[in-house]
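Close look at the chain arrangement
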Amino acid sequence: MENISLYGTLYYEKSIFKGSYRGMNFWIQKSGDEEHPVLKATAWKGPYNFDTTQEKKVSEEFPFSEEGIALADEWLTEQQKVIATEMT
């Protein structure tokens, strides 16, 4: 996503990254179990937060690695394009 830098895996060990990008809200978090961790990205049309939105949420899981973070970034960019299309 343009002008948004996602953190490395160390950040997701303890935190959820929440943000918004051009009308899309999202978060990225560690999921799975300790032996098989994954990076889970969730996106939905803004402006409301995860708990209060009535919008459909979509999620995808990626390897818990730097490569997985890059894949999540690409996926979120594509989700934003879908949401932008729905907004017009």
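To start, this report covers the structure provided alongside it.

Reading the values: the criteria
- Residues numbered from 1 in each chain as written.
- Predicted model: local features only at pLDDT ≥ 70, side-chain atom pairs only at ≥ 80, totals over all residues.
- Heavy atoms only, no water.
- Phe/Tyr/Trp six-rings, centres within 6.5 Å; stacked < 30°, edge-to-face > 60°.
- Helix = DSSP H or I, 4+ residues; strand = E, 2+ residues; numbered from the N terminus.
- Buried < 20%, exposed > 50% of the residue type's maximum accessible area, 1.4 Å probe, protein only.
- Lys NZ or Arg CZ within 6 Å of the ring centre and 35° of its normal.
- Pairing = 2+ DSSP bridges.
- Axes fitted to C-alpha atoms, helices over the stretch in contact; angles between N-to-C directions.
- Contact = heavy atoms within 4.5 Å.

**A word on the packing of aromatic side chains**
Enumeration over the complete set of coordinates arrives at 9 aromatic pairs. Ring geometry for Y7 and Y11: centres 4.1 Å apart, planes at 20°, overall stacked. Ring centres of Y7 and F17 lie 5.3 Å apart, and the angle between their planes is 85°; on these two criteria the pair is classed as edge-to-face. Taken together, the residues Y7 in the segment before helix 1 (9–12) and F17 in strand 1 (residues 17–21) connect sequence positions 10 residues apart. Its relative accessible area of 40% is what places Y7 among the partly exposed residues. Members of the aromatic cluster, joined through ring pairs, are Y7, Y11, Y12, F17 and F26. The residue whose ring lies beneath K30 is F64, and the NZ or CZ to ring-centre distance is 5.4 Å.

**Brief notes about the sheet that holds strand 4 (residues 58–63)**
Each strand in a sheet pairs with another by means of backbone hydrogen bonds, the pair being arranged parallel or else antiparallel. An order of 1-2-3-4 is seen for the 4 strands of this open sheet, with the pairing classed as antiparallel. The two strands at the open ends of the sheet, each matched to only one other strand, are strand 1 and strand 4. Averaged over neighbouring strand pairs, the angle between their axes works out to 25° when direction is ignored. Examined bridge by bridge, strand 2 (residues 24–32) and strand 3 (residues 37–45) share 9 bridges and lie antiparallel to one another. Bridge pairing links F26 to A43 in strand 3. Its contacts with the sheet place helix 2 (residues 66–87) against strand 1, strand 2, strand 3 and strand 4, and it is angled at close to 15° to strand 3.

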